[in-house]
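# Structural description and commentary
For reference, the chains in residue letters:
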Amino acid sequence: MQDPERVESSANEITPFTCEVVPERDAVRVRPVGALDMATAPTLDAEIAQLRDAGFRRILVDLRKLDFMDSSGLRALLTLHARASSDGFELGLVRGNATVHRVFEVTGTTALFPFTDP
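What comes next is a walk through the structure. (Residues numbered from 1 in each chain as written. Predicted model: local features only at pLDDT ≥ 70, side-chain atom pairs only at ≥ 80, totals over all residues. Heavy atoms only, no water.)

## Comments concerning the overall build of the protein chain
For clarity, the threshold we go by: The numbering of helices and of strands both runs from the N terminus, where a helix is a DSSP run of H or I of at least 4 residues and a strand a run of E of at least 2. Burial classes follow relative accessibility: with a 1.4 Å probe on protein chains only, a residue under 20% of its type's maximum area counts as buried, one over 50% as exposed, and anything between as partly exposed. Here, two residues are considered to be in contact whenever any of their heavy atoms come within 4.5 Å of each other. Here the accessible surface of atoms and residues is derived via Shrake-Rupley with a 1.4 Å probe, and residues count as covered only by protein chains that are part of the display.
Scanning the protein chain for helices and strands turns up three helices and eight strands. In sequence order, the secondary structure elements of the protein chain are arranged as β-β-β-β-α-β-β-α-β-α-β. Here the protein chain holds 118 residues, and 40% of them are scored as buried. Within the protein chain, contacts between residues separated by at least 24 positions form 62% of all contacts whose residues are at least 6 apart in sequence. Looking at the protein chain as shown, the accessible area adds up to about 6600 Å², and 50% of this sits on carbon and sulfur atoms.

## Observations concerning the packing of aromatic side chains
Using the following cut-off: Two aromatic rings, drawn from Phe, Tyr or Trp (for Trp, its six-membered ring), form a pair once their centres lie within 6.5 Å of each other, and the interplanar angle then sorts them: stacked below 30 degrees, edge-to-face above 60, tilted otherwise. Working rule: Lys NZ or Arg CZ, within 6 Å of ring centre, within 35 degrees of ring normal, means a charge sits over the ring.
All chains considered together, the criterion is met by three aromatic pairs. For the ring pair Phe104 and Phe115, a centre distance of 5.3 Å and an interplane angle of 90° mean the geometry is edge-to-face. Here Phe115 lies in strand 8 (residues 115-116) and Phe104 lies in helix 3 (residues 98-107), a separation of eleven residues in the sequence. Taken together, the ring pairs in this structure connect Phe104, Phe113 and Phe115 into an aromatic cluster. Looking at Arg95, its charged tip hangs above the ring of Phe115, at a distance of 4.8 Å from the centre.

## Quick notes on the packing of helix 1 (residues 41-53) against helix 2 (residues 71-87)
As a reminder, the rule being used: Axes here refer to lines fitted to C-alpha atoms; in helices the fit is confined to the stretch in contact. Angles between the N-to-C directions go from 0 to 180 degrees. Small angles under 35 degrees read as roughly parallel and large ones over 145 as roughly antiparallel, with 65 to 115 read as roughly perpendicular and the rest as oblique. Crossing chirality is assigned from the near helix's rotation relative to the far helix, an anticlockwise turn below a right angle marking it left-handed and a clockwise turn marking it right-handed. Just so you know the grouping, Ala, Val, Leu, Ile, Met, Phe, Trp, Tyr, Cys and Pro go in nonpolar, Asp, Glu, Lys and Arg go in charged, and all remaining residues, Gly too, go in polar.
Taken N-terminus to C-terminus, the directions of helix 1 and helix 2 make an angle of 20°; their axes are 9 Å apart at the nearest point. Considering the angle they form, helix 1 stands roughly parallel to helix 2. The handedness of the crossing between helix 1 and helix 2 comes out as right-handed. On helix 2, the residues that touch Ala41, Leu44, Asp45, Ile48 and Arg52 of helix 1 are Ser72, Ala76, Leu77, Leu80 and Asp87. Of the residues belonging to the contact of helix 1 with helix 2, the class tally is six nonpolar, one polar and three charged.

Here it is, written out as structure tokens:
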């Protein structure tokens, strides 16, 4: 049985899920790597909650290193978007690959998110 926190990349290598955090001048960039799904979405939630608790007011979630995202990943991002609206912090997303972005297109949620340039 495949480890739920791993996904096979196009080169048949298994990429463990991680969140890279890169502080920038006026924001913090969070780069989830691997698969954002039911097993890994809580890790992203916890990472962003920690950054919010540390006082970051602008969070950029960079989806370019995701290999896969399912509806649980989308739900985590929708929840984050709702928190940003209610708590007054700024959220931005950087588009992922075509497979990841297709989740937004199929669900009609593309217009809900503030996608930005890398």
